[in-house]
Amino acid sequence: MTTFLKPEVLRFKSLPSTNTELARRASEGAAEGLAIVAEEQTAGRGRLQRVWSSPKGAGLYLSILLRPTIPHNYWPLITLMAALAVGDALHEVAGVQTDIKWPNDLLSGERKICGILAESIDTPQGRAVILGIGINLTENAYPPELANVATSVSEATSQPPDCEQILAALLDALSRWYSRLAEPGQIIDAWSNRSSYAIGKLVQVSNGDDVWQGTTSGVEPDGALRLRTSSGEIKLVRAGDVYSVRPSSVK
Ligand code: BTN
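Residues numbered from 1 in each chain as written. Predicted model: local features only at pLDDT ≥ 70, side-chain atom pairs only at ≥ 80, totals over all residues. Heavy atoms only, no water.

Draft legend 1. Geometry of helix H5 (residues 184–194). Among all positions in H5, only Pro184, Ile187, Ile188, Ala190 and Trp191 are buried. In this structure, the buried residues of H5 make contact with helix H2 (77–94), strand S4 (99–101), helix H4 (163–178) and strand S9 (210–219). (Buried < 20%, exposed > 50% of the residue type's maximum accessible area, 1.4 Å probe, protein only. Helix = DSSP H or I, 4+ residues; strand = E, 2+ residues; numbered from the N terminus. Contact = heavy atoms within 4.5 Å.)

As structure tokens, then:
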């Protein structure tokens, strides 16, 4: 069944985390499409329990509530489709060309410009997804020690970014891509076309105590990354961090 999103935006000056606030409202029965935007977050969260630095006005901090009807094993595709939507919005509004690092980091010039945190929660209306998106608008969005791995829209364009235009384009793009979730192949194909990480990239994957090296070899129908190790074995990566490595550092 094709599902259309009708985003309704609530704005806050400051919140601990837009994901946390939206999860609270989802538990109280909020409808799909409720979106929360904050000018700053005082306890912004990233993937793998990391802190997401969120100073006032330096980033776009957005969470949107999804109540997907696709089978649960395809829910990992939601983060892939969100990355496609952010890529569209940044391109349409700011002309920024992005790459996607599996599963959903948006990169500009090999540095991170956007992070996505999808959290699923149980609500009285069924399982839901809190889709959190953080876009670095200016270099103040991230701490100086991350300057070699992070970037922002203003650095990519040399212009002050228009947060409202990016938000509007992002909500449109999310609505478009969300309606395509019923055709997982479309999401996988589009993601693979836009990600230099999809095929033939030498990477290191770390997931807790497990560290693997290998060459990426496509994406499974449920969004798992296929990794071919030096022994020829294919490992399916469903969680963890993926880093590009230079050929000389692969043993
Ligand atoms: C990552 O680690 O790359 C994901 C970062 C996600 C940050 C966004 S900002 C809006 C939403 N609220 C949060 O607390 N986190 C997400």
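We are not done yet, so read on.
Draft legend 2. Molecular detail of H2. The terminal C-alpha atoms of H2 lie 26 Å apart, and with 18 residues this matches the ideal 26 Å at 1.5 Å per residue to within 8%. For H2, a buried count of 14 out of 18 residues is recorded, marking the element as mostly surrounded by other parts of the structure. Looking one or two places after H2, you find Gly95, whose phi comes out positive at around 70 degrees. (Expected span 1.5 Å × (residues − 1).)

Draft legend 3. Looking closely at the nonpolar core. Residues Met81, Leu131, Ile133, Ile135, Leu170 and Leu174 are the most contacted members of the largest nonpolar core, which totals 57 residues. Tallying contributions element by element places H2 first for this core, with eleven residues. In this structure, Ile135 is in contact with Ala58, Gly59, Leu60, Val86, Leu90, Ile113, Cys114, Val153, Ile166 and Leu170, ignoring residues within four places of it in sequence. Among the nonpolar cores identified, the runner-up in size contains twelve residues, and Ala23, Ile121, Ala128 and Ile130 belong to it. (Core = buried A, V, L, I, M, F, W, Y, C linked by side-chain atoms within 4.5 Å.)

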